[in-house]
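Structural description and commentary
Residue-level listing of the chains:
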Amino acid sequence: MGGGPCQRDRARAERGVIDLSLPPVRGKLTPNAPLAPLVWFKSGGTAQWLFEPKDVADLRAFLSALDPHVPVMALGLGSNLIVRDGGVPGVVVRLGKAFASVTRADEVTLACGGGASGILVSSTARDNGIAGLEFLRSIPGTVGGFCRMNGGAYGREVKDVLSDCDVVLRDGSLVTLQLPALGYTYRHSELPEGAIVVAARFRGEPGEPAAIQAEMDRISAAREASQPLRSKTGGSTFKNPAPELSGGHKAWELVDKAGCRGLTIGGAQVSEKHTNFLINTGSATSTEIEALGEEVRRRVMDQSGVELEWEIQRIGRQ
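These numbers were taken from a predicted model, which means no experiment stands behind them. (Residues numbered from 1 in each chain as written. Predicted model: local features only at pLDDT ≥ 70, side-chain atom pairs only at ≥ 80, totals over all residues. Heavy atoms only, no water.)

**Some points on the pattern of salt bridges**
Enumeration according to the criterion identifies 21 salt bridges in this entry. One salt bridge connects Arg 104 with Glu 107, and the closest N-O pair in it is separated by 3.9 Å. For Arg 104, a relative accessible area of 42% puts it in the partly exposed group. Glu 309 serves as the salt-bridge partner of Lys 239, at 3.7 Å between the closest nitrogen and oxygen. Of this pair, Lys 239 sits in the loop between β15 (232–233) and α6 (243–246) while Glu 309 sits in the loop between α8 (286–304) and β19 (313–315), and the two are 70 residues apart along the sequence. Here the salt bridges do not stand alone but share partners, grouping Arg 84, Glu 290, Glu 294, Arg 297, Glu 307 and Arg 314 into one network. (Salt bridge = Lys/Arg side-chain N within 4 Å of Asp/Glu carboxyl O. Buried < 20%, exposed > 50% of the residue type's maximum accessible area, 1.4 Å probe, protein only. Helix = DSSP H or I, 4+ residues; strand = E, 2+ residues; numbered from the N terminus.)

Below is the structure:
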């Protein structure tokens, strides 16, 4: 008739109704935690629970004891993310300072915590004379985030520099995955749902700190000139389509050709400066931001026949 307990629990989870009996932690657990302050768009609802683990052991113990039907997701700097206004059921995991270290492992390799920023990784590489990691300066996120999505910019991607990474799986087990196991493609990996990257090793090549700094300065200036960095935004909104599908046009060009530059819905706007960025002009809801993205996708399809894919992750309930 009504199914067994597991079936009922799963059905409730799918409807976003989750009764959580949480295991003890040594870190910090916050119920009904507002997520808007933690994401770049500054919009969206709350996390049913926000967990900031004390260390890897704390994270593993928590996940191993947590009901396997409860959804879990990691939150980095919140740059490539729309948190929907209805909030996020389950547990959002945020890696804090304990996961933000970056140290030199050998002459050309850095060992990085999953919570370390791209800026810290690239700066540490410079200080240690390791070239080839400068592009990480331009990825507005953490090691865990850009390992999951194969982040990239200025002609390079994480897959070009990653040696391996340590991942805590949804059941609390800790595994080290070599590069081939991640199944990297453009802005995508095959990391399972609920898996959290807690550390990674990046390999560069010998370089001169002054030359490395010059390349970082070049990248920083290029971003400043072309992107709305001082706005409430989420970074690149859509993936660049395959050249054979788009006639060689990048996502921003297709958006521009479809007449979407400056287009608004409520408080959400397509950036005038870079049309592959959506911005919150002040009080936009996540619903408005996502609706604007969908309207852009519709107009691009009508104008060019190209179906743009979201690069920004959208989570939670409408």
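**Some points on the nonpolar core**
For soluble globular proteins, nonpolar side chains are generally found buried alongside one another. In terms of nonpolar packing, the biggest core is built from 27 residues, with Val 121, Leu 133, Val 143, Cys 147 and Phe 202 touching the most fellow members. Elements with a contribution of two residues or more to this core: β7 (109–113), α3 (118–127), α4 (143–148), β11 (162–168) and β13 (196–203). Those residues in contact with Val 143 that lie beyond four places of it in its chain are Cys 112, Gly 113, Gly 114, Ala 116, Val 121, Ala 200 and Phe 202. Counting 21 residues, the second largest nonpolar core, distinct from the first, contains Phe 41, Ala 251, Ala 268 and Trp 310. (Core = buried A, V, L, I, M, F, W, Y, C linked by side-chain atoms within 4.5 Å. Contact = heavy atoms within 4.5 Å.)

These figures capture arrangement, not role.
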